[in-house]
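Understanding the architecture of this molecule
Now for the letters of each chain:
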Amino acid sequence: MKKGDHLFLVDGSAYIFRAFHALPPLTRKSDGLPVGAVAGFCNMLWKLLREARDTDVGVTPTHFAVIFDYSSKTFRNELFSEYKANRSEPPEDLIPQFGLIRDATRAFNLPCIESEGYEADDIMATYARMAEVAGADTTIISSDKDLMQLVTDHVSMYDSMKDRQIGIPEVVEKFGVAPEKMIDLQALTGDSTDNIPGVPGIGPKTAAQLLQDFGDLDTLLERAAEIKQNKRRENLIEFADQARLSRQLVTLKTDTPIEIDLDGLRLEPQDGPKLIAFLKAMEFNSLTRRVAEATGTEAGEVDAAAVEIKAGSAARGPDLDKGQASDPVRVEASSVAALTPKALAAKRAEAAAGANFDSDAYVSVRDVETLDQWIADARAAGVLAFSSQTNSLDPNQAELTGFSLCSTAGKAAYVPLDHKSGSSDLLGGGLVEGQIPQGEALGRLKALLEDDSILVIGQDVKYDWLVMRRHGVTISRLDDTMLMSYVLDAGTGAQVRESLCDRWLGHAPIAYKDLAGTGKKALTFDMIDIAAATRYAAEDADITLRLWQVLKPRLVAKGLIAVYERLERPLVSVLARMEARGISVDRQILSRLSGEFAQKAAAIESEIFDLAGGSFNIGSPKQLGEILFGRMGLPGGSKTKSGQWSTSAQVLEDLAAEGHELPRRIVDWRQLTKLKSTYTDALPGYINPQTNRVHTSYSLAATTTGRLSSSEPNLQNIPIRTAEGRRIRTAFIAGKGNKLVSADYSQIELRVLAHVADIPQLRQAFADGIDIHAMTASEMFGVPVDGMPADVRRRAKAINFGIIYGISAFGLANQLAISRSEAGEYIKTYFERFPGIRDYMDETKAYAREKGYVETIFGRRAHYPDIRSSNPQVRAFNERAAINAPIQGSAADIIRRAMIRIENRLDASGLAAQMLLQVHDELIFEAPESEVGRTIAVVREAMENAAMPAISMKVPLHVDAAAADNWDEAH
DNA sequence: TAGAAAACGTA
DNA sequence: GTACGTTTTCTAG
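Just so you know, these numbers come straight off a predicted model, no measurement behind them.

1. Regarding the overall build of chain A
The helix and strand tally for chain A stands at 37 helices and 22 strands. What you see for chain A is a C-alpha radius of gyration of 34 Å, in line with the 30 Å of a compact globule of 971 residues. Burial analysis of chain A (971 residues in total) assigns 53% to the buried set. As displayed, chain A has an accessible area near 41,300 Å², and 49% of this comes from carbon and sulfur atoms. If the 110 positive side-chain charges of chain A are averaged to one point and the 133 negative ones to another, these points end up 3 Å apart.

Here it is, written out as structure tokens:
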């Protein structure tokens, strides 16, 4: 166990008593066996394991154990024979549940820990202190005040029934003393339920006051004579020994003998079939369904486990007496129930590969009664593959044409809502008969898709989310097969429907263009014949469900479910909301700029023609090459891969530096026409007529490293480097009464490098907040930071960037316009000064070669199958990419984590700010003018701590933030 | 008309 | 030297 890990300790014995009294009685349906406390326990464990991040605990466990009392006789009875002597027998209905709760723990694949002669509290105390020594954090799932003495900066408690975290401030608030004083406080007050005597007449309030006045128990007892109140003074003197005994009784042992060490508590993947076998035996139907869906297990294929219930006194679990630990769940050796996650994933893949698609079996739903039947089926299944069909690719404009449903493989339906008849018809464009009125269908859909007990599965579900939201429906629980595939296979190919379908299901789905045609004449979906639309759309949902059945268990088997659930799935709705908001763009500014750029470009154009001695298409590199290197006879630089002379800016700049005028002008012309065509002319066309804002589309699954990408329009490449380009940013403006807030990570990739490669000088420099490039230059060239020439720093900066990109002498030489041998010398010097970087690079390359992928610090994988290529160029390229991916990808993961948290943080602070854009290391918000300061504080806090608690970075993250009326000034 | 190539905007 | 998306030109069909 190490720093950054998080141990969860569940106080099993306390939980069962509390649940028994707090929860409504529940009996197993078939035989009336009382199982209410077991049900509560299972639900809590499931919630902790699956949704820990959504609760106030705010963290996800890496280690996990459930601790029980073993027997009622412990070492405390030797200190004080009356300890817990007044405990009465547990209720009859609770007795059989003691054994079951242990069975449940094992079914969850969790360690079930108890120790003879010790209470659960002592075992938890021991583990918590061990974890603290290891630098890890602990959360104790209990609200028992006896455990509050354990609370520190690294140990907190969590009351699962009230969803409340108990840290140092909460203890102080409740008892008026810090956690470490709880022992003294309990020694004074005693505890009637445990029969701990304490000092008569002293309750919690008095005890807290006394401890505040005197510091601790020993001092208090020594100086008891100073107390003014007669009775209190006398009692403290008379019962001093009793207080000391009480203190011994309430002090938890932190050196309990431990059989399983901390590493043995590492959280193992959920074993779906094993858990489902137990839940089925308990007849916990809704939890069974949820577990099945989350673990990708087909509940119907799993037999109920044979769970042995001991009746009467024989059932007395170890909670009560010397009894033996009950048998583990005996999962019957049914073929499926015994499958490991790996075997299940393999079995699913095998079954799916031979799947049969029968488009004749698909149904068009044309009346409400039939729709209700399909909805009932979805509810029974608890899962629903859903696909919206629309008349536009733009989810911010699309109207719903119909939707398809599938909850059982092979059984899918299409519900047409807004299909129009063909234009050849005399009354062309009319609604086709026999479609459910949209309002009726949407009402039913809303109830279904917003229901928390239904998991909605989509392929690229962000699109459906946006479309449905515009129709008043907010999809709540979702899974996305595209994102599952991305987590499993980023780097091995596009995560699109067709390739996934071919790869996993061995099936080529109906192509959209076969349905609608292509190009200008392409039909929108509402113009497509309903029979054909049904074959296409129902198949779409069928494919999605089957892919989900294959991919979900695969995520579990590969240990990637956490990456999917923590870094991918929660971002779907976050990004959807950002896209829906859009950003305000000032048409006038763009139009003015466009005119200006056009004028300047025209002027340059005539200069160019004068210099070239005739007109030609300046935008054609081919014609330009002929003029420059043919007609004018300038010395050609490099060639492109198709053998043409390169006319890249680099080549032209070099020629300009030699005093040639034409190349200089070409570069200027290109800059202006680029800005005009890509930005000032194109952006207004993206302004949505309804919202008057520009809505980009983010892709979650487009990059190998985990970065997002933005398109239509791409708002991640708005110019900033040149003064001319920057002016485009002034057109991105805040709405009335608002400001744009820009918050960006400073040097996040170099910080990640310092963390993963663990470079002492880099860590120190970041810790001290000094100029990292200057530090590098100083180390390499021996030049003091003070008064360093700009060029020396520039070279070091290029090297630092080069390192992140998987440096080569060739690339560095190009960048710095120096010889390759000189660049090689620089690199050699760099590695001598920072040997850890070379080690990191070598290790990463070796890892990638062996595994075929590399991982970010959060476990995201990027695949590089070609790293084993026999072609040295291909191999070298893949090696550089593999070196870069953990750095770029970890930074991408960090900002993803920030984005996932930030909405709630703003909300909780009562701030109205809205996140609009992400540009890899920068987030843009729109915030009311009066809240700018507080917004920046909340955003910065969330971004700087985004790696926590999963990873404790070895360098601090730093965020710069500013606000202004437009993006140029805010950045 | 679709797709590749060249160029260039961002982190 | 890493990671992207969009534009224009040019070519192949």
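Right, picking up where we left off after that structure.
2. Focus: the protein's contact with DNA strand B
Residues in close proximity to DNA strand B total 24 residues, the closest being Thr640, Ser642, Thr647, Ile720 and Arg721. In the interface set of DNA strand B, defined as its atoms within 4 Å of the protein, sugar plus phosphate atoms amount to 82%. Contact distances for DNA strand B include 2.9 Å between a base oxygen and a side-chain N or O atom of Lys674. Here a base nitrogen of DNA strand B and a side-chain polar atom of Arg707 are 3.0 Å apart. The element best represented in the surface near DNA strand B is helix 26 (residues 661–680), accounting for 4 residues. Residue composition of the surface near DNA strand B, by class: 7 nonpolar, 11 polar and 6 charged.

3. As for the protein's contact with DNA strand C
In the vicinity of DNA strand C lie 33 residues, with Ser620, Ser709, Glu712, Ala798 and Phe810 positioned nearest. The sugar-phosphate portion of DNA strand C accounts for 75% of its atoms within 4 Å of the protein, the bases making up the rest. Residue Lys622 places a side-chain N or O atom 3.5 Å away from a phosphate oxygen belonging to DNA strand C. Separating a sugar or linking oxygen of DNA strand C from a side-chain N or O atom of Asn714 is a distance of 2.9 Å. Secondary structure elements with two or more residues in the surface near DNA strand C: helix 24 (621–631), helix 26, strand 15 (709–711), helix 31 (790–804), helix 32 (809–816) and helix 35 (872–908). Across the surface near DNA strand C, the residue classes tally to 9 nonpolar, 19 polar and 5 charged.

4. Re unusual backbone geometry
The linkage connecting Glu712 with the following residue, Pro713, adopts the cis geometry, with an omega of 0 degrees. Its place among the elements puts Pro713 in the loop between strand 15 and helix 27 (723–729). Backbone geometry at Asn109 places phi at a positive 65 degrees, although glycine is not the residue there. For Asn109, the location among the structural elements is in the loop between helix 4 (95–107) and strand 3 (112–113). For Asn109, a relative accessible area of 24% corresponds to the partly exposed category. Backbone geometry places Ala817, a non-glycine residue, at a positive phi of 55 degrees. Here Ala817 lies in the loop between helix 32 and helix 33 (820–833).

5. What to know about the pairing of strand 4 (residues 137–141)
Taking burial as the measure, the 5 residues of strand 4 include 5 buried ones, the bulk of the element. The two faces of strand 4 match: Asp137, Thr139 and Ile141 on one face and Thr138 and Ile140 on the other face are all buried. Bridge count for strand 4 against strand 5 (residues 155–159) is 4 bridges, and the pairing is parallel. Within strand 5, the residue paired with Thr139 across the bridge is Ser156.

6. Section: the environment of Leu48
The topology assignment puts Leu48 in helix 2 (residues 36–51). A relative accessible area of 3% places Leu48 in the buried class. When the C-alpha positions of Leu48 and Phe8 are compared, they lie 9.1 Å apart, and in sequence the two are 40 residues distant. If we skip the residues at most four places from it in the chain, Leu48 touches Phe8, Val10, Pro61, Phe64, Ile141 and Tyr158.

7. Brief notes about the UniProt feature "domain: DNA-directed DNA polymerase family A palm" (unreviewed entry) in chain A
Summarizing the sequence annotation, UniProt attributes the feature "domain: DNA-directed DNA polymerase family A palm" (unreviewed entry) to residues 725–931 in the numbering used throughout. In residues 725–931, helix accounts for 60% and strand for 14%; the two terminal C-alpha atoms are 30 Å from one another.

8. A look at empty space enclosed by the protein
Take a probe with the size of a water molecule and roll it over the atoms, and the empty space left behind shows itself. The final tally for this structure, using the stated rule, is 2 cavities of 30 Å³ or more. Elements with a minimum of two residues in the lining of the largest cavity: helix 12 (272–282), helix 14 (341–353) and helix 21 (530–557). In terms of residue class, the lining of the largest cavity is made up of 5 nonpolar, 5 polar and 1 charged. Computed from the structure, the second largest cavity encloses a volume of approximately 30 Å³. Lining the second largest cavity are Arg289, Arg290, Glu293, Gly382, Ser453 and Arg477. Tallied by class, residues from the lining of the second largest cavity come to no nonpolar, 2 polar and 4 charged.

9. Let's talk about the sheet that holds strand 6 (residues 164–166)
Judged by pairing direction, the sheet is mixed, and its 6 strands sit side by side in the order 3-2-1-4-5-6 without closing on themselves. Each edge of the open sheet is held by one strand with a lone partner, namely strand 3 and strand 6. Packing of helix 1 (residues 12–22) onto the sheet brings it into contact with strand 1 (6–11), strand 2 (63–67) and strand 5, and relative to strand 1 it is tilted by some 50 degrees.

10. Some points on helix 24
Among the residues making up helix 24, those that are buried are Leu624, Gly625, Ile627, Leu628 and Phe629. Taken down its axis, helix 24 places every buried residue within 165 degrees of arc, on the same side. Exposed and oriented more than 90 degrees from the buried face of helix 24 are Lys622 and Arg631. Against helix 23 (587–612), helix 25 (649–657) and helix 26 lie the buried residues of helix 24. Among the residues trailing helix 24, Gly633 stands out with phi positive, at a value near 65 degrees.

11. Considerations on the packing of aromatic side chains
As enumerated under the stated definition, the model contains 17 aromatic pairs in all. The interplanar angle of 50 degrees and the centroid separation of 5.9 Å between the aromatic rings of Phe525 and Tyr536 together place this pair among those described as tilted. A residue pair is termed long-range when its members are at least 10 positions apart, and Phe525 in the loop between helix 20 (512–516) and helix 21 and Tyr536 in helix 21 qualify at 11 residues. Like Tyr536, Phe525 is buried. Each ring, one from Phe609 and one from Phe616, has its centre 5.8 Å from the other, and the planes form 70 degrees; the classification is edge-to-face. For Phe616, a relative accessible area of 12% puts it in the buried group. Taken together, Tyr414, Tyr512, Phe525 and Tyr536 form an aromatic cluster joined through their ring pairs. Just above the ring of Trp645 sits the side chain of Lys639; from NZ or CZ to the centre is 4.6 Å. Against the face of Phe781 rests Arg795, its NZ or CZ located 5.1 Å from the ring centre.

12. Overview of the side chain of Arg897
On the secondary structure map, Arg897 appears in helix 35. Buried within the structure, Arg897 lacks any salt-bridge partner; its nearest side chain of opposite charge belongs to Asp893, at an N-O separation of 8.1 Å. Within polar-contact distance, the side chain of Arg897 engages the backbone oxygen of Ala946 at 2.6 Å. Setting aside residues up to four positions removed in sequence, Arg897 forms contacts with Leu567, Phe858, Ala946, Ala947, Met948, Pro949 and Ala950.

Analysis parameters
- Residues numbered from 1 in each chain as written.
- Chains lettered and ligands numbered in written order.
- Predicted model: local features only at pLDDT ≥ 70, side-chain atom pairs only at ≥ 80, totals over all residues.
- Heavy atoms only, no water.
- Helix = DSSP H or I, 4+ residues; strand = E, 2+ residues; numbered from the N terminus.
- Rg over C-alpha atoms; globule rule 2.2 N^0.38 Å.
- Buried < 20%, exposed > 50% of the residue type's maximum accessible area, 1.4 Å probe, protein only.
- Areas by Shrake-Rupley, 256 points an atom, 1.4 Å probe, with all protein chains shown as cover.
- Lys, Arg positive; Asp, Glu negative; His and termini not counted.
- Charge placed at Lys NZ, Arg CZ, Asp CG, Glu CD.
- Near = heavy atom within 4 Å.
- Polar contact = N/O pair within 3.5 Å; in protein donor to acceptor, adjacent residues only side chain to side chain.
- Nonpolar A, V, L, I, M, F, W, Y, C, P; charged D, E, K, R; others polar.
- Pairing = 2+ DSSP bridges.
- Contact = heavy atoms within 4.5 Å.
- UniProt positions renumbered as here; feature names shortened; annotations may be inferred.
- 1 Å grid on protein atoms, 1.4 Å probe; cavity = no way out; pocket = protein on both sides within 12 Å on 5 of 7 lines; lining within 4 Å.
- Points joined across faces, edges and corners; volume = space filled by probe spheres on them.
- Axes fitted to C-alpha atoms, helices over the stretch in contact; angles between N-to-C directions.
- Arc of directions from axis to C-beta.
- Phe/Tyr/Trp six-rings, centres within 6.5 Å; stacked < 30°, edge-to-face > 60°.
- Lys NZ or Arg CZ within 6 Å of the ring centre and 35° of its normal.
- Salt bridge = Lys/Arg side-chain N within 4 Å of Asp/Glu carboxyl O.

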